[in-house]
Amino acid sequence: MAAASNLQSEDQFLCSICLDVFIDPVSTPCGHTFCKNCITEHWNTSDRCQCPMCKEAFTIRPDLRINTFISEMVAQFRQSAQQKTSSSSSEQQVSKPGEVPCDVCTGTKLKALKSCLVCLASYCETHLEPHLTTSRLKRHQLIDPVENLEDRMCTKHDKPLELFCKTDKTCVCMLCHVVDHKMHDVVPLKEEYEGKKAELGKTEAEIQQMIQKRRLKIQEIKHSVDLSEEDADREIAEGVQVFTALKESVERGQANLINTIKEKQKTTEKQAEASIKELEQEISELTKRWTEVEQLKRSEDQLHLLQSVQSLKAAPPTKDWTEVSVRPSYEGTVRRAVAQLEETLSKEMKKLVAESELKRVQKYAVDVTLDPDTAHPDLILSDDGKQVNDSDVRKNLPDNPKRFSNYVNVLAKQSFSSGIFYFEVQVKGKTKWTLGVARESINRKGIIPLNPQDGYWTIWLGNGNEYKAPASPSVILSLKSQPQKVGVFVDYDEGLISFYDVDAAALIYSFTGCCFTEKLLPFFCPGVNDGGKNSAPLIISPVNQAE
């Protein structure tokens, strides 16, 4: 028996009605045990006499007697519990600052385990024992230890605050309800507590949800920062490349300026040498004549002087050096060099910026394939859906709402309702073509105006190598060279559609300020075959994204 008692736990001796250790345990005919007062009060307040556990009904209220065996077991359990309490009392914690002390302890105050709302006192483990074992005290309401228990009493009636007045939003006692809050909406404190606790649960869930959203936002911002850092690094690299190229152009311009000035100086030096040589030759000839004249001048023979003057050689021809100058003018040399450099830099910048822009948009390349269900019956599509050309021969195909009937057009299978996308199409060898994007709801039958108002954003090549953007009004495009490959870029959210000459890395045309409200699909028109003159296909090409 002693060995068995060591295995006993409090759960074995709890009444299922009051959920406390049995007091005067009695057993019903069905074998279930309850406190005598608990089962008696239960039957007194119930219409039927039945077991609270198994619901077995009794036609006559059973004669309840104390179950002596269980009563003895409960007594042993209580004695064991008291011994444990006594042995552990020395191990109880001393109350620390901020903790609720036991109100009964004298001298050293131990830490309170519970507070009684009836006694308005807090108890350590040892002094709490009467509330756990004494029948009268067991009915008191125990809570986790709190300070200032007097705050839980009505200051007016000195009664526990057991009710809550919803009208005045305050806690009241029973007398307050009868006297001052009789017509108010008053509920038990526990009911309001449960309601507020449920509200706090919802608030807690909402706060947790808000916290989670903000944590996700932090992750999103951090991710954006990472992406921004990548973009910044890429832009810096591209900027360094552009400015390095511009710097090299400036250095070449400076070298050209210096070479020009030096060459001009060399030419001046050569001209000066030639002039000096010519002047020295004239000086030599003039010196000889001067010598002859000087000698003749010194003659005292009158006849000889007159005769010799007649035979004196004529003066050698000489050059008029008055207007001759060998000092070059450098005026305007630097200005012309700078003007030429500006022009070169402008072209270079436009080229580098265009190349940089093209590389940027090429990063948004998507895989595009042609949709045979939309293709005009004259068109021939490759098996991989990447090429299309006009055959001049109409195939017998079933008509459907998606298929173009009057014009040799075809759409892509892919559609886009947000974000950014880009694709490239080879137009080499063609005399006519149209490329761009179109709304999903476009008219595919009858006459089709290819303009934004009708859902088409395109550029095209027509007769006589005329390039045009059908806008309002249409824009004739002046291109320096005929594109061999055209890139189509779409930023759905920004309302931007741009066309690029891929090989020249040049912007052809842009539609800006567009407002898209439905899906967009890549649009292709290879143009009619024209007796073989325009037989080359449009080819959707893979995008080269190499740096």
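Everything in this summary refers to the structure shown in the same document. Predicted model, so just to flag it, every value in this text is computed and none were measured.

## Focus on the sheet that holds strand β21 (residues 538-541)
Alright, step 1. With respect to topology, seven strands assemble into an open sheet ordered β9-β10-β21-β12-β17-β18-β19, the strand pairing being antiparallel. The outermost strands of the open sheet, each flanked by one partner alone, are β9 (379-381) and β19 (506-511). The mean inter-strand angle of the sheet, taken between neighbouring strand axes irrespective of direction, is 20°.
Alright, step 2. As defined by bridge partners, strand β12 (residues 420-426) adjoins strand β17 (residues 485-491) across seven bridges and the pair is classed as antiparallel. Paired with E424 across the two strands is G487, which belongs to β17.
Alright, step 3. Sheet contacts for helix α9 (residues 333-362): β12, β17, β18 (496-501) and β19; angle to β12, the most-contacted strand, approximately 110°.

## Points about the sheet that holds strand β5 (residues 142-143)
Alright, step 1. A sheet is described by the order of its strands in space; here three strands give the open sequence β4-β3-β5, paired in antiparallel fashion. Each edge of the open sheet is held by one strand with a lone partner, namely β4 (121-123) and β5.
Alright, step 2. Packing of helix α4 (residues 125-133) onto the sheet brings it into contact with β3 (114-116), β4 and β5, and relative to β4 it is tilted by some 110°.

## Remarks on the side chain of N409
Alright, step 1. Turning to its location among the elements, N409 is positioned in the loop between β10 (387-390) and β11 (410-411).
Alright, step 2. Taking relative accessible area as the criterion, N409 reaches 3% and is therefore assigned buried.
Alright, step 3. The residues touching N409, leaving out its near neighbours within four places in the chain, are T374, A375, H376, L379, F404, I448, F523, F524 and C525.

## Topic: the nonpolar core
Alright, step 1. If you look at the biggest cluster of nonpolar residues, it comprises 47 residues, and the most contacted ones within it are W433, I459, F511 and F524.
Alright, step 2. In this structure, C15, V26, C35 and F58 belong to the second largest nonpolar core, which totals 18 residues.

## Some thoughts on a nonpolar patch on the surface
Alright, step 1. A cluster of nonpolar residues, L175, V178 and V179, forms a patch on the protein surface that exposes about 260 Å² of accessible area.
Alright, step 2. Considering the arrangement of structural elements, one finds V179 in helix α6 (residues 174-179).

## Thoughts on the side chain of S498
Alright, step 1. Considering the arrangement of structural elements, one finds S498 in strand β18.
Alright, step 2. Relative accessible area serves as the criterion here: at 3%, S498 is assigned to the buried category.
Alright, step 3. A polar contact is formed between the side chain of S498 and the side chain of S510, at a distance of 2.7 Å.
Alright, step 4. Discounting residues that sit within four places of it in the chain, S498 has contacts with G487, V488, F489, L507, Y509 and S510.

## Points about the pairing of β17
Alright, step 1. Counting buried positions along β17 yields six of seven residues, so the element is predominantly enclosed.
Alright, step 2. Here β17 pairs with β18 via six bridges, running antiparallel. Bridge pairing in β18 places V486 opposite D501.

Conventions used here
- Residues numbered from 1 in each chain as written.
- Predicted model: local features only at pLDDT ≥ 70, side-chain atom pairs only at ≥ 80, totals over all residues.
- Heavy atoms only, no water.
- Pairing = 2+ DSSP bridges.
- Helix = DSSP H or I, 4+ residues; strand = E, 2+ residues; numbered from the N terminus.
- Axes fitted to C-alpha atoms, helices over the stretch in contact; angles between N-to-C directions.
- Contact = heavy atoms within 4.5 Å.
- Buried < 20%, exposed > 50% of the residue type's maximum accessible area, 1.4 Å probe, protein only.
- Core = buried A, V, L, I, M, F, W, Y, C linked by side-chain atoms within 4.5 Å.
- Patch = residues over 30% accessible without salt bridge, like charges linked within 9 Å, V, L, I, M, F, W, Y side chains within 5 Å.
- Areas by Shrake-Rupley, 256 points an atom, 1.4 Å probe, with all protein chains shown as cover.
- Salt bridge = Lys/Arg side-chain N within 4 Å of Asp/Glu carboxyl O.
- Polar contact = N/O pair within 3.5 Å; in protein donor to acceptor, adjacent residues only side chain to side chain.

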